[in-house]
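Overview (structure and organization)
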Amino acid sequence: DLHVSNLLTYCSLAAATGAVAAALGGAGMPVAGALLAAAALFDALDGAFARLFVRSVRQRQLGGELDSLVDAIAFGLAPVVVLATLPDRAVGGVSLLWWIGAFAYVGGTVTRLGFYNVEQDEAHFVGIPTPAAALIWSTALLFSPPAWLVAALLFGCAAAMIAPLPIPRPRGAALGVFALWAVVLIGRHALA
């Protein structure tokens, strides 16, 4: 059931795919970082956008499933692929640690999304949301982090996503601040 209400979810997937293409194709980290931030921005807005449309129960359920599947790709796998193209990715023992961290990060992403799908708490997230992790990566890409720091951030983000910490769901001004963070990153990467 393709429905226009899922348009921003697909835009998030397109931005994340573009980030991977930019990193692998040599367009560089500024483009990849901006597109990761754009994916997070689309995700922040997709729920409100979807609620503008009259949808059947099946269409609402499908929209929720698409959102989580796209989040797993856009905020789990895509950042790892982008980070793997950094010039100072890793060698030797740091490389093994880096890839273990990459697995922990993607595993933390899908675990966090699975937990979210089961719980459906309207007031709180448990652990940091996956789009917030993408904005952490977009921010880090501004500074060309060394491999050891990327590995530490991979483990740190993985732990933060699955930590049993209730985080209030951003609404109103808090959602505006999150969206502003993404917009500032898009602009900052565009100037790099």
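Residues numbered from 1 in each chain as written. Predicted model: local features only at pLDDT ≥ 70, side-chain atom pairs only at ≥ 80, totals over all residues. Heavy atoms only, no water.

In this section: unusual backbone geometry. For Ser144, which is not glycine, the phi dihedral falls at a positive 45 degrees. Positionally, Ser144 belongs in the loop between α5 (130–141) and α6 (147–162). (Helix = DSSP H or I, 4+ residues; strand = E, 2+ residues; numbered from the N terminus.)

Moving on, we come to the nonpolar core. For soluble globular proteins, the rule of thumb is that nonpolar side chains tend to be buried together. Counting residues in hydrophobic clusters, the biggest one holds 44 residues, and the most contacted among them are Val82, Leu83, Trp98, Tyr105, Trp137 and Leu154. Breaking this core down by element, the ones donating at least two residues are α1 (7–25), α2 (29–50), α3 (57–84), α4 (92–119), α5, α6 and α7 (173–191). Ranked by residue count, the leading element in this core is α2, at nine residues. (Core = buried A, V, L, I, M, F, W, Y, C linked by side-chain atoms within 4.5 Å. Buried < 20%, exposed > 50% of the residue type's maximum accessible area, 1.4 Å probe, protein only.)

Glancing now at the side chain of Asp43. For Asp43, the position within the fold is in helix α2. The buried charged residue Asp43 lacks any salt bridge partner; its closest oppositely charged side chain belongs to Arg169, at an N-O distance of 8.6 Å. Once you skip the residues sitting within four places of it in the chain, Asp43 turns out to touch Ser12, Asp67, Asp71, Phe75 and Pro131. (Lys, Arg positive; Asp, Glu negative; His and termini not counted. Salt bridge = Lys/Arg side-chain N within 4 Å of Asp/Glu carboxyl O. Contact = heavy atoms within 4.5 Å.)

On to the packing of aromatic side chains. If you walk through the whole model with that rule in mind, you get five aromatic pairs. Seen from their ring centres, Trp98 and Trp99 are 4.7 Å apart, and the 70 degrees between their planes marks the pair as edge-to-face. Classification of Trp98 as buried rests on a relative accessible area of 1%. (Phe/Tyr/Trp six-rings, centres within 6.5 Å; stacked < 30°, edge-to-face > 60°.)

Time to look at α1. The first and last C-alpha atoms of α1 sit 26 Å apart over 19 residues, in line with the 27 Å expected at 1.5 Å per residue. Of the residues making up α1, those classed as buried are Leu8, Thr9, Ser12, Ala15, Ala16, Ala19, Val20, Ala22 and Ala23. Down the axis of α1, the smallest arc covering the buried residues is 160 degrees, so these residues share one side. Of the exposed residues in α1, the ones pointing more than 90 degrees away from its buried face are Leu24 and Gly25. In the core, the buried residues of α1 are packed alongside α2 and α3. Phi for Gly26, located one or two positions after α1, is positive at around 90 degrees. (Expected span 1.5 Å × (residues − 1). Arc of directions from axis to C-beta.)

Scored by pLDDT, the chain comes out at a mean of 91, with 97% of its residues at no less than 70. Per-element confidence in the chain is highest for α1, whose mean pLDDT is 96, and lowest for strand β1 (residues 124–126), whose mean pLDDT is 86. (pLDDT = per-residue confidence, 0-100.)

Moving on: a nonpolar patch on the surface. Nonpolar side chains collect at one region of the surface, where Val94, Trp148 and Leu149 lie side by side and expose about 290 Å² of accessible area between them. As for its position among the elements, Leu149 is in helix α6. Residue Leu149 is classed as partly exposed on the basis of its relative accessible area of 32%. (Patch = residues over 30% accessible without salt bridge, like charges linked within 9 Å, V, L, I, M, F, W, Y side chains within 5 Å. Areas by Shrake-Rupley, 256 points an atom, 1.4 Å probe, with all protein chains shown as cover.)

At a minimum axis separation of 9 Å, α1 and α3 run at an interaxial angle of 15 degrees. One way to sum up the angle between α1 and α3 is to call them roughly parallel. At the point where α1 passes α3, the crossing takes the left-handed sense. Across the interface between the two elements, Thr9, Tyr10, Ser12, Leu13, Ala16, Ala19, Val20, Ala23 and Leu24 of α1 pack against Leu66, Asp67, Val70, Ile73, Ala74, Phe75, Ala78, Val81 and Val82 of α3. (Axes fitted to C-alpha atoms, helices over the stretch in contact; angles between N-to-C directions. Parallel < 35°, antiparallel > 145°, perpendicular 65-115°, else oblique. Left-handed = near helix turned anticlockwise from the far one by under 90°.)

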